[in-house]
Amino acid sequence: MDIKTATALRRLRLVSAPEAVSFLLLLLCSVLKRTTDFNAVPVMGSIHGILFILYVIFWADAWNRTRWPLRTAALYFVLSVLPTGGFFAERMLRREAENAVIAARARKEGIVNA
């Protein structure tokens, strides 16, 4: 995995958890708006909107660089629109990055030991 691909995956991973948190907070603000006089939906909606747009941009970049199959790319996109999906995406992306590091080390050791 080259450095640009690793960076694209890292960016997507780093934005996925905050995007999920902002989605949950937006849902909470929506409930509070309907049940109390507290209305933080405009602020939380803006924050979530920015994070969602960043997620989609980083998702497209990661898909382009990693050459994921359509099924994998679609899974990461669907996870972005589920309230807790960002947490699962972050975990999957971390695992994918760790596997790439392990594979790179194995290749390096194979070259050194050959």
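All values reported here derive from a predicted model rather than from experimental measurement. (Residues numbered from 1 in each chain as written. Predicted model: local features only at pLDDT ≥ 70, side-chain atom pairs only at ≥ 80, totals over all residues. Heavy atoms only, no water.)

Trainee: What exactly am I supposed to notice about helix α2 (residues 41–66) here?
Mentor: In an α-helix, one turn spans 3.6 residues; hence positions three or four apart end up facing the same way. Over its 26 residues, α2 extends 36 Å from the first C-alpha to the last, a length consistent with the 38 Å expected when each residue adds 1.5 Å. Regarding α2, the residues found buried are V41, M44, H48, L51, Y55, F58, W59, D61 and A62. Downstream of α2 by one or two residues, R67 has phi in the positive range, about 60 degrees. (Helix = DSSP H or I, 4+ residues; strand = E, 2+ residues; numbered from the N terminus. Expected span 1.5 Å × (residues − 1). Buried < 20%, exposed > 50% of the residue type's maximum accessible area, 1.4 Å probe, protein only.)

Trainee: Can you walk me through unusual backbone geometry in this structure?
Mentor: Among all residues save glycine, negative phi is the norm, and among peptide bonds the norm is trans. Here R67, not a glycine, exhibits a phi torsion of approximately 60 degrees, which is positive. With respect to the element layout, R67 can be found in the loop between α2 and α3 (70–81).

Trainee: Where do I start with the packing of α2 against α3 in this structure?
Mentor: Geometry of a packed helix pair, given as the angle between the helix axes and the separation of the axes. Where α2 meets α3, the closest approach of the two axes is 11 Å, and the angle between their N-to-C directions is 170 degrees. The angle between α2 and α3 falls in the class roughly antiparallel. On the side of α2, the interface is formed by F52, Y55, V56, W59 and W63, while α3 contributes L70, A73, Y76, F77, S80 and V81. (Axes fitted to C-alpha atoms, helices over the stretch in contact; angles between N-to-C directions. Parallel < 35°, antiparallel > 145°, perpendicular 65-115°, else oblique. Contact = heavy atoms within 4.5 Å.)

Trainee: Just to check I follow, could you spell out the nonpolar core for this structure?
Mentor: One recurring pattern in soluble globular proteins is that nonpolar side chains are buried together. Counting residues in hydrophobic clusters, the biggest one holds 15 residues, and the most contacted among them are L12, Y55, W59, A62, W68, Y76 and L93. Elements with a minimum of two residues in this core: α1 (3–35), α2, α3 and α4 (85–113). Discounting chain neighbours no more than four positions away, the residues touching A62 are A8, L9, L12, R67 and W68. Membership of the second largest hydrophobic core comes to 5 residues, among which are L26, C29, V41 and M44. (Core = buried A, V, L, I, M, F, W, Y, C linked by side-chain atoms within 4.5 Å.)

Trainee: Would you mind showing me how to read the environment of A60 here?
Mentor: Mapped onto the fold, A60 is located in helix α2. Judged by its relative accessible area of 36%, A60 is partly exposed. Separated by 17 residues in the primary sequence, A60 and F77 place their C-alpha atoms 9.2 Å from one another.

Trainee: What is the right way to read the layout of surface pockets from this model?
Mentor: Rolling a probe over the atoms, with the probe sized like a water molecule, indicates the empty space that remains. Taken as a whole, the largest pocket spans an internal volume of roughly 230 Å³. As for the largest pocket, its lining consists of M1, A6, T7, L9, R10, R13, A97, E98, A100, V101 and A104. Of all the elements in the fold, those that place two or more residues in the lining of the largest pocket are α1 and α4. Taken together, the residues of the lining of the largest pocket break down into 7 nonpolar, 1 polar and 3 charged. (1 Å grid on protein atoms, 1.4 Å probe; cavity = no way out; pocket = protein on both sides within 12 Å on 5 of 7 lines; lining within 4 Å. Points joined across faces, edges and corners; volume = space filled by probe spheres on them. Nonpolar A, V, L, I, M, F, W, Y, C, P; charged D, E, K, R; others polar.)

Trainee: So what exactly am I meant to see when it comes to the UniProt feature "transmembrane region" (unreviewed entry) in the protein chain here?
Mentor: UniProt records the feature "transmembrane region" (unreviewed entry) at residues 39–60 and 72–89, using the numbering of this structure. Regarding residues 39–60, the helix share stands at 91% and the strand share at 0%, and the terminal C-alpha atoms are separated by 33 Å. Segment residues 72–89 splits into 83% helix and 0% strand. End C-alpha atoms: 11 Å apart. (UniProt positions renumbered as here; feature names shortened; annotations may be inferred.)

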